[in-house]
Amino acid sequence: MPLTDKLNHIDYNWYLVRTKPGHEKELCSIIECCKSETKNILEAYCPTHTTVNVYHGGNERRMPLFDGYVFVLATQKALADFIRDKYPNASIRYNRKQAKEDKATPCTIPEVQMKAFMDFNENYADKVVVLERPYADYAKNPNEHNIPNEIVRVLDGPLAGCEGYVCRFRRKRGLVFEVQGVMPGSHLTVYYPNIYELHVVRLHNAEGDRLSIGTEKDRAADLLVGVLQACGCGKRTLSMLHDIIEHLAANLSLTSLCLDLQKQNHKALSHRLAEMTNEEAGQLLNLARYEHDNNGYVRKAYSKLIIRPFLTPTSGIGMEGKGEIKFKHDEFTEIIRRVDIFEEIYYPSKKKSAKVAETYYAHIGIVENHDSEEYTLFANWDYFLGEYFLTSGKANEQLVKGTVKRVACATQGACGSSTINGKLKQDEKEKLIESFRNYSPTLYKTLTDESSPVKAISGFKIGDNCLNVFAIKSKPKEIATATDTLIHTCISICTEINTTNHLALWRRYLQTVWLHK
């Protein structure tokens, strides 16, 4: 809204004034000096930002954010008179006419928009770099086969609510985002060099999330495993998985596969595969194509099958509207439960975010402890926990418990390292550790709190096989409650790791636990 003068005339606006490049401060100074004697000119604003010339030893210099422009809060007549009488080298910027018959109008910036721009410029302009390329160019990383860059939202501070891409420049991970320009409909693409200085949360990229891309082949294999188990293949499931994908790799036709299965008297399996949706069929064929190009991939990547990963996007077994079913295996009983996980998603092309619920299926195994009349419920976190159990000593201590660590650094004097009584003087600095304690509190509690009902177990025995699992013990009458606790704990760990900007390595391991879609 325009400001109101003393006579209630609504004609104060922010005007864009063009001057010679490098003369912005001069114009602002003259306006400030003449304000007292010039009616109806209230303020002049010259935005600046700082650039760092790293190749000159980190020297900084301030330069105009908009070369040759100054923003003036005034009435149009007062500003035009001032330029005519005091500074004829400047001119008011006018909007482009849409048609020849249109009347030329001066370019004005709404007060709310101008205030937001000034707030950003005063708080962050000296910390960011203005980029020349448009914002959309930073959606993917050209150095990593155009894999989509991660998207985050800033949670607090002057940039609260800002959403942007995590990009790497000069080996530093920073945030690329847009800020509202002062021209109507215009935006600036800027880069904040150190994203770890900001409190951010990761958003699921609805148009290409790294976690979803990383689980494409796993989702296809898991889909087929679920179908095979539902059709009664039992211990033959793994060998049939290998055979079917290799068959498709040699002959990329589901119709041909179904006919061959019928001839082998696998009628139920043939019928189920024939009824697959286009999306399901596409997943299997993509895996078969990868097997064709990488002969032996499936046998190597899926060499062990005890229980499916904790979270999968398909049940495999027809649940017929049920929220939970039990499926009997030789060594254990499997509970398959439908769960809805809420995620913050972002559509880069639309620049819109939303919170949606995605349906997944949690897989929990139950084995009976005959000597104690108890049951153990477990979830398959084999590879994830296997990597954790490989850490040892100080590495494990920092990963789990470390909030900060102290790093000693020599203090340099004018003649080199300074000494005290012949010894090198050391300063201690604190460095934040990417620990579970800091960024995945549920996982930290599960690993360290002796009172936690859910435990991480290495080499949990299931028949003749072993798995690294999260597990909980239960009396027969408390199995439902124990199932709830185990599922809730594992989902909390999944979402905490997936939404933090830290723990990137563990987010990669998470792909074997949560087959994200």
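Here is what the cut-offs are and how they apply
Residues numbered from 1 in each chain as written. Predicted model: local features only at pLDDT ≥ 70, side-chain atom pairs only at ≥ 80, totals over all residues. Heavy atoms only, no water. Helix = DSSP H or I, 4+ residues; strand = E, 2+ residues; numbered from the N terminus. Buried < 20%, exposed > 50% of the residue type's maximum accessible area, 1.4 Å probe, protein only. Arc of directions from axis to C-beta. Contact = heavy atoms within 4.5 Å. Core = buried A, V, L, I, M, F, W, Y, C linked by side-chain atoms within 4.5 Å. 1 Å grid on protein atoms, 1.4 Å probe; cavity = no way out; pocket = protein on both sides within 12 Å on 5 of 7 lines; lining within 4 Å. Points joined across faces, edges and corners; volume = space filled by probe spheres on them. Nonpolar A, V, L, I, M, F, W, Y, C, P; charged D, E, K, R; others polar.

A. Region of the structure containing unusual backbone geometry. Backbone geometry at Asn265 places phi at a positive 70°, although glycine is not the residue there. Mapping Asn265 onto the fold places it in the loop between helix 7 (254-263) and helix 8 (267-274). For Asn265, a relative accessible area of 57% corresponds to the exposed category. Its identity as a non-glycine residue notwithstanding, Leu503 has a phi of 55°, on the positive side. Along the chain, the position of Leu503 falls in the loop between helix 15 (479-499) and helix 16 (504-509).

B. Seen up close, helix 8. Leu269, Ser270 and Leu273 are the residues of helix 8 that are buried. Buried residues of helix 8, seen end-on, are gathered within an arc of 100° and therefore sit on one face of the element. The exposed set on the far side of helix 8, more than 90 degrees from its buried face, consists of Lys267 and Ala274. Of the surrounding elements, those touching the buried residues of helix 8 are helix 5 (216-230), helix 6 (237-250), helix 7 and helix 9 (278-293).

C. Layout of the nonpolar core. Ranked by size, the top nonpolar core spans 39 residues in total, and within it Phe310, Leu311, Trp381, Phe384, Phe470, Leu486 and Trp506 carry the most contacts. Broken down by element, the residue count for this core peaks at nine residues, all from helix 15. In this view, Phe384 contacts Leu443, Ile497, Trp506, Tyr509, Leu510, Thr512 and Val513; residues no more than four positions away in its chain are not counted. Core analysis: the next-biggest nonpolar cluster, separate from the first, contains 29 residues, Met114, Val152, Leu188 and Val200 among them.

D. Inspection of the layout of surface pockets at higher detail. In this structure, the largest pocket encloses a volume near 850 Å³. Around the largest pocket, the lining comprises 32 residues; the ones closest to its centre are Asp218, Ala301, Tyr302, Tyr383 and Thr512. Within the residue set of the lining of the largest pocket, elements represented by two or more residues are helix 4 (210-214), helix 5, helix 6, helix 10 (297-301), helix 11 (382-390) and helix 16. Partitioned by chemical class, the residues of the lining of the largest pocket number 19 nonpolar, five polar and eight charged.

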